[in-house]
Amino acid sequence: MTEILNALGQPVGALVPDWQPRPRPSRSPMVGRYGRLEPLDPARHAEALYAAHQHDPEGRNWTYLWTEPFRDFAPFLAWLESIKASEDPLYHVVIDATTEQPVGMAAFMRIDPTHGVIEVGHVSYTPLMQRTPLATEVIYLMARRVFDELGYRRFEWKCDSLNARSRRSALRFGFTFEGIFRQHLVVKGRNRDTAWFSMLDHDWAERRHAFEAWLDPSNFDAEGQQKTKLTPGV
């Protein structure tokens, strides 16, 4: 990369021509082949979403999230009611196209329209959607909104550095590891070092092609097993 110098001979970043602040994400659904994301509505989603979480009786899916597992429906409903109007994080529920039932959640968060940066967070996949095409399609749909619809420059993924599954997922989805922020947060009374990953706008065309090829029905055999692995960036 050619070094850019200002009039004082100091190195400076590349110009971003005609940059304007980007829109905030809307609350419209993101629709795919295997399912969709729609804005959280406790009146419609709470009971079925709570039931989906009961397929994880040990609460393993909650270890690295901000809340503890909900053992009763009433506090779960109260939590959903407390976050439903939030604009940041902006929570979405994942709906399985086959059953038309909620099977997980994900959110846009740390939304920065001025600089075109946005994060995917609170990725909470119940066992009903783990290791399914829908689990991958969710990230594809969110990235498509970030880059194609909103024109953001940077899509971030952050997780507890000890969350090996999340770190593997970030790399599989085509995010680039950037480093560890040490003693970044205190979560549930414990230290959290945070692993940072990003996907940039100029990465997206290649990543989108990889997602779409992997998600195509022709990539799955009669038992629903993938024929080719997802390899963004290859």
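Residues numbered from 1 in each chain as written. Predicted model: local features only at pLDDT ≥ 70, side-chain atom pairs only at ≥ 80, totals over all residues. Heavy atoms only, no water.

Points about the pairing of strand 4 (residues 102-112)
Right, on to step 1. Along strand 4, nine of the eleven residues are buried, which leaves the element largely enclosed by surrounding structure.
Right, on to step 2. Note: strand 3 (residues 90-96) against strand 4, six bridges, orientation antiparallel. Across the sheet, H92 pairs through a bridge with A106, a residue of strand 4.
Right, on to step 3. Where strand 3 folds back on strand 4, the antiparallel hairpin that results is connected by five residues, among which E100 adopts a positive phi of roughly 60°.
Right, on to step 4. Where strand 4 and strand 5 (residues 117-125) come together, six bridges link them in antiparallel fashion. The partner of D112 across the bridge, within strand 5, is V117. (Buried < 20%, exposed > 50% of the residue type's maximum accessible area, 1.4 Å probe, protein only. Helix = DSSP H or I, 4+ residues; strand = E, 2+ residues; numbered from the N terminus. Pairing = 2+ DSSP bridges.)

A look at unusual backbone geometry
Right, on to step 1. The omega torsion across D88 and P89 is 5°, close enough to zero to call that bond cis.
Right, on to step 2. With respect to the secondary-structure elements, P89 resides in the loop between helix 2 (73-83) and strand 3.
Right, on to step 3. With phi around 60°, R131 is a residue other than glycine that occupies positive phi space.
Right, on to step 4. The residue R131 is located in the loop between strand 5 and helix 3 (133-149) in this model.

Topic: the pattern of salt bridges
Right, on to step 1. Enumeration according to the criterion identifies 15 salt bridges in this entry.
Right, on to step 2. Across the pair E38 and R44 runs a salt bridge, and its minimum N-O distance is 2.9 Å.
Right, on to step 3. Given a relative accessible area of 7%, E38 falls into the buried group.
Right, on to step 4. Overlapping salt bridges, with partners in common, bring together R110, E119, R154, E156, K158 and E178 in one network. (Salt bridge = Lys/Arg side-chain N within 4 Å of Asp/Glu carboxyl O.)

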